[in-house]
Amino acid sequence: MEARIAGRVLVLVGFMGAGKSTGARALAAGLGSEALDSDRVLEQRLGEPIESFFDREGEPAFRAREEEVVLELLERPDARVVALGGGALASERVREALAAHTVVHLEVEPEEAWRRASNHGRPLARDPARFARLHSDRLALYDSVADVIVPPGPREGIRHALPALKALAETPAGTRLVWASAASGEYPVFLGEGLVASGFFYPRARRRFVVTDENVARAVPFEGDERIVIPAGEEHKTLAGAESVLRRLATAGAERGDLVVAVGGGVVGDLAGFSAAVYQRGMPHVQVPTTLVAQVDSAYGGKTGVDLPEGKNYAGAFHQPAAVLCDPALLATLPPEELGAGYVEVVKTALIAGGPLWSRVRRGEEVDAEVIMGCLRTKLAVVAADERDAGRRQVLNLGHTVGHAIEAATSYGRYRHGEAVGIGLLVALRLSGREPLRAEVADLLAGRGLPLAFDGASVDEVLELVERDKKRAGGRVPFVLVQAPGEVTPGHEPDPRLLRAAVEEVHAG
Ligand SMILES: NC(=O)c1ccc[n+]([C@@H]2O[C@H](COP(=O)([O-])OP(=O)(O)OC[C@H]3O[C@@H](n4cnc5c(N)ncnc54)[C@H](O)[C@@H]3O)[C@@H](O)[C@H]2O)c1
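As the structure is a prediction and not an experimental result, all values here were calculated from the model. (Residues numbered from 1 in each chain as written. Predicted model: local features only at pLDDT ≥ 70, side-chain atom pairs only at ≥ 80, totals over all residues. Heavy atoms only, no water.)

So, on to the packing of aromatic side chains. One pass over the structure, following the stated rule, counts six aromatic pairs. With 5.1 Å between their ring centres and 65° between their planes, Trp114 and Phe131 make a pair best called edge-to-face. Of the two residues, Trp114 sits in helix H6 (residues 110-117) while Phe131 sits in helix H7 (residues 128-145), which places them 17 residues apart along the sequence. We classify Phe131 as buried; its relative accessible area is 2%. Grouped by ring-pair contacts, the aromatic residues Phe15, Trp114 and Phe131 constitute a single cluster. The cationic tip of Arg208 hangs over the ring face of Phe201; the distance from NZ or CZ to the ring centre is 3.9 Å. (Phe/Tyr/Trp six-rings, centres within 6.5 Å; stacked < 30°, edge-to-face > 60°. Helix = DSSP H or I, 4+ residues; strand = E, 2+ residues; numbered from the N terminus. Buried < 20%, exposed > 50% of the residue type's maximum accessible area, 1.4 Å probe, protein only. Lys NZ or Arg CZ within 6 Å of the ring centre and 35° of its normal.)

This next bit is on the pairing of strand E4 (residues 102-106). Most of E4 sits inside the fold, with five of its five residues counted as buried. Here E4 shows a buried face lined by Thr102, Val104 and Leu106 and a second buried face lined by Val103 and His105. Relative to E4, strand E1 (residues 10-13) runs parallel, the two sharing four bridges. The partner of Val11 across the bridge, within E4, is Val103. (Pairing = 2+ DSSP bridges.)

Bringing the sheet that holds E4 into the picture now. For sheets, the rule is that strands pair by backbone hydrogen bonds, running either parallel or antiparallel. Strand order across the open sheet formed by 12 strands is E2-E3-E1-E4-E5-E6-E7-E14-E11-E10-E8-E9, with mixed pairing between neighbours. In this open sheet, the two edge strands, each paired with only one partner strand, are strand E2 (35-37) and strand E9 (226-230). When strand polarity is set aside, the average angle formed by the axes of neighbouring strands in this sheet is 20°. Direction of pairing for strand E8 (residues 208-213) relative to strand E10 (residues 259-264): parallel, over a ladder of five bridges. (Axes fitted to C-alpha atoms, helices over the stretch in contact; angles between N-to-C directions.)

With that settled, the discussion passes to the packing of helix H16 (residues 400-409) against helix H17 (residues 417-431). H17 packs onto H16 with a crossing angle of 135° between their chain directions and a minimal axis gap of 7 Å. Regarding the angle of H16 to H17, the classification is oblique. The handedness of the crossing between H16 and H17 comes out as right-handed. Within the contact between the two elements, H16 uses His400, Val402, Gly403, His404, Ile406 and Glu407 and H17 uses His417, Ala420, Val421, Ile423, Gly424 and Val427. A class-by-class count of the residues in the contact of H16 with H17 yields six nonpolar, five polar and one charged. (Parallel < 35°, antiparallel > 145°, perpendicular 65-115°, else oblique. Left-handed = near helix turned anticlockwise from the far one by under 90°. Contact = heavy atoms within 4.5 Å. Nonpolar A, V, L, I, M, F, W, Y, C, P; charged D, E, K, R; others polar.)

Right, let's talk about unusual backbone geometry for a bit. Cis peptide bonds are those with omega within 30 degrees of zero, and the linkage from Tyr202 to Pro203 qualifies with -5°. Counting through the fold element by element, Pro203 comes out in the loop between strand E7 (185-191) and E8. Phi angles above zero are rare outside glycine, and Ala6 is one such case at about 50°. One can find Ala6 in the segment before E1. For Ala6, a relative accessible area of 56% puts it in the exposed group. One non-glycine residue, Tyr412, lies in the positive phi region at around 60°. Here Tyr412 shows up in the loop between H16 and H17.

As far as function goes, none of this settles anything; it's purely spatial.
Rendered as structure tokens:
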């Protein structure tokens, strides 16, 4: 039997039906040990099913016994992996005891949890409305103690996360791990302040080929066996740029057991990721995002590519990273205009997420590791549901239809991508008929000095480009609209007159 990971027990927490017992068994098997399940041990101790004790003695009596059992389990020398009952974290003593261990939050969608947990006599899974309330109340509690977050999904494969869970022990205190999964692969996202400066790296590889741009090379020291420095800027995200990276890899003798490490913003991430996707038909890559856009959005999800003169991101491949190392401390050297452009992606993502992320973002606070975590979880959840952009993933294009058209109509020189998307968001909210929300978003953008209107192109030029997009997409203008924060849907076809009016409204003349 393997020792505990860094002396810590892996403790699985999460709502009813999250798959804690299955996950615990899978992780324990990976460690060559047995999983312990607090509900099972408690039932043995009570000598009866939890439901009957709960119904007869009431919740406080049940929680007291549960606390006793959980504290005891965490102390057991043979404990490697422990699954906790969904309500065990209500106890402050349990929460305190967990600080000495690695806590893994297994997430589950409320509908899925209800499907799995109802009809089993569970005392707190008898009334759907109460169940849904409990789910949302407890999420914050699980997150407050979690070192590791595993999004909804099947649990049997969770043992693939063990090497990353072990590596977490080598990261600076406070670093968290999100286990990302999409149809074509799973990978860890490490999020921690000072992660890069600490010298942490994952995964092991024979050699690391660091691809970065000249600005990032000055700002972010990053060691590698080879360093490939490209010129900064979207204009270098081209096939010629990719060719030069590929040839550098080839002349240095890169092989499939080596790693490409993309250290930079979305431009480096897309270009280096694409090079990794096609070099010898695919080698692994790691993303180290250094801009806000990249930390909240572009580093995750496996879309890589370059621009053609005919269109942005016209040549590309889906290629999930082997890991993402996200360090908010790297943003310290980012120019303010780039932070502003990234802020638009934060607002967009918060509108898609709704809930606690939107509540934080709408207060207009600084973007910190917590907000970055909320954004990346939202992006990963969307990608997990639809890696290849067949449906749900299109919500990530909120604000992009008109945003892209403004960028193209102004020859990509006048507005940063994020700035144009910010204006596009205002159009999308107008088309959604959500006036108070539009005003709120406009205030947030204005507070960061972002433009609320465009110039340098006419309304007709922008509408023409939207129309051209429509032809390319087989007759659909896939507008993403917002019913409310957290309720965002793709595939809308707005009335052309309303669209014109909404674009005129954001035209500075
Ligand atoms: N793959 C995806 O899913 C996805 C999603 C969104 C955007 N994107 C792509 O991302 C690109 C935009 O990315 P971006 O906004 O990060 O731009 P970027 O990569 O061009 O970076 C912006 C500028 O900041 C500099 N920089 C980066 N990190 C720095 C740091 N820490 N300190 C100082 N300077 C730093 C860069 O050199 C550059 O000049 C676009 O090409 C877009 O298509 C891709």
